[in-house]
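Coordinate analysis (summary)
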Amino acid sequence: GGEIRVDSVCSKMAILTMHFPKLRILWSRGPHQTLAIFKALKMKHEEVNIEKSISVGNNESLDGLMETSDVVGGGSTVNSGV
């Protein structure tokens, strides 16, 4: 019943959401629905600035990451909600 199992995806998702309560999970029935969800989410946002994304990915320090957190064009910040 209510036990946590190491081999259970549902158990792992439950633990993940318990440890990160602000985490949002998108679930879809298939790849076509996933594509529709991501297209709808992207409609109101600018494209990612690739050069800034690469520089953030190469940055070793957390302080540097915070200083360059405006990866999305237009100066808006990236927020994972976690």
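About the thresholds
Residues numbered from 1 in each chain as written. Predicted model: local features only at pLDDT ≥ 70, side-chain atom pairs only at ≥ 80, totals over all residues. Heavy atoms only, no water. Helix = DSSP H or I, 4+ residues; strand = E, 2+ residues; numbered from the N terminus. Buried < 20%, exposed > 50% of the residue type's maximum accessible area, 1.4 Å probe, protein only. Contact = heavy atoms within 4.5 Å. Areas by Shrake-Rupley, 256 points an atom, 1.4 Å probe, with all protein chains shown as cover. Salt bridge = Lys/Arg side-chain N within 4 Å of Asp/Glu carboxyl O. pLDDT = per-residue confidence, 0-100. Polar contact = N/O pair within 3.5 Å; in protein donor to acceptor, adjacent residues only side chain to side chain.

Our focus in this paragraph is the overall build of the chain. Within the chain, the regular secondary structure consists of four helices and zero strands. Sequence-ordered secondary structure for the chain, helices as α and strands as β, is α-α-α-α. Relative to its full complement of 82 residues, the chain shows a buried share of 9%. Here the analysis covers contacts within the chain between residues at least 6 apart in sequence; of these, 22% occur between residues at least 24 apart. Accessible surface, the chain: about 7300 Å² in total, of which carbon and sulfur atoms supply 61%.

Turning to its location among the elements, Ser-11 is positioned in helix 1 (residues 9–19). In contact with Ser-11, not counting residues within four places along its chain, are Glu-3, Ile-4 and Arg-5.

Further remarks concern the pattern of salt bridges. This structure, assessed with the given rule, holds two salt bridges. Here Arg-5 makes a salt bridge to Asp-7, at a shortest N to O gap of 2.9 Å. For Glu-47, the salt bridge goes to Lys-42, with nearest N and O atoms at 3.2 Å. Judged by relative accessible area, Lys-42 falls into the partly exposed class, the value being 46%.

Quick look at the confidence of the model for the chain now. When pLDDT is averaged along the chain, the result is 75; 67% of the residues meet or exceed 70. Element-level pLDDT for the chain is lowest in helix 4 (residues 62–67), with a mean of 56, against a maximum mean of 91 in helix 2 (residues 31–42). Low pLDDT, under 50, characterises residues 71–82; the predicted model gives this stretch 23 contacts beyond four residues in sequence or across chains.

So, about the side chain of Ser-8. Its location among the elements puts Ser-8 in the segment before helix 1. Separated by 3.4 Å, the side chain of Ser-8 and the backbone nitrogen of Cys-10 make a polar contact.

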